[in-house]
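Structural characterization, general
What follows is the residue order along each chain.
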Amino acid sequence: MMWYAIISEDIENSLEKRGLARPAHLDRLNKLKEAGRLLIAGPHPAIDNNEPGEAGFTGSLVVAEFKSLVDAQSWADADPYVAAGVYAAVTVKPFKKVLP
């Protein structure tokens, strides 16, 4: 098992699509968490504020453990945000946790 970073970039004005797909998106992340395979996950606010309101988000970061890059890419490809058209692009690459 190895860590992988899944770096997603939203389409413009993604807030409504995010809201509709969010429960299914969070369910998948919680399953990784329950399995002890989630290091960190969250969105990138579009403005310098934890609660960006109507400004929404510009993307997301997930760092999770998978058996291979192929498995990580397959998991990312099946994200409900992908199916809902929230993401314009998704990059998956190996991640080496050094600190803390």
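Everything below is about the structure printed above this text.
Residues numbered from 1 in each chain as written. Predicted model: local features only at pLDDT ≥ 70, side-chain atom pairs only at ≥ 80, totals over all residues. Heavy atoms only, no water.

Ranked by size, the top nonpolar core spans 11 residues in total: Tyr 4, Ile 6, Leu 29, Leu 32, Val 62, Ala 64, Phe 66, Ala 72, Trp 75, Ala 76 and Val 92. Where this core is concerned, the elements lending two or more residues are strand E1 (2–10), helix H1 (15–34), strand E3 (57–66) and helix H2 (69–77). Contact partners of Ala 72, with chain neighbours within four places excluded, come to Tyr 4, Ile 6, Phe 66 and Val 92. (Core = buried A, V, L, I, M, F, W, Y, C linked by side-chain atoms within 4.5 Å. Buried < 20%, exposed > 50% of the residue type's maximum accessible area, 1.4 Å probe, protein only. Helix = DSSP H or I, 4+ residues; strand = E, 2+ residues; numbered from the N terminus. Contact = heavy atoms within 4.5 Å.)

In this section: the sheet that holds E1. Pairing within the open sheet is antiparallel, and its 4 strands lie in the order E2-E3-E1-E4. Here the strands that pair on one side only, and so sit at the sheet edges, are strand E2 (38–45) and strand E4 (87–95). Averaged over all pairs of adjacent strands, the angle between their axes in this sheet comes to 15°, without regard to strand direction. Relative to E4, E1 runs antiparallel, the two being bridged by 8 bridges. Across the sheet, residue Tyr 4 finds its bridge partner in E4, namely Pro 94. Where H1 meets the sheet, its contacts fall on E1, E2, E3 and E4, and the angle it forms with E3 comes to roughly 15°. (Pairing = 2+ DSSP bridges. Axes fitted to C-alpha atoms, helices over the stretch in contact; angles between N-to-C directions.)

What follows concerns H1. Note on helix geometry: an α-helix contains 3.6 residues per turn, so any two residues three or four positions apart are oriented the same way. Compared with an ideal rise of 1.5 Å per residue, which puts 20 residues at 28 Å, H1 spans 27 Å between its outermost C-alpha atoms and is within 8% of the ideal. At Ala 21, H1 shows its largest bend, some 55°, and a proline, Pro 23, comes one to four positions later. The complete set of buried residues in H1 reads Arg 18, Ala 21, His 25, Arg 28, Leu 29 and Leu 32. (Expected span 1.5 Å × (residues − 1). Bend = angle between axes of the 7 residues up to and from the residue.)

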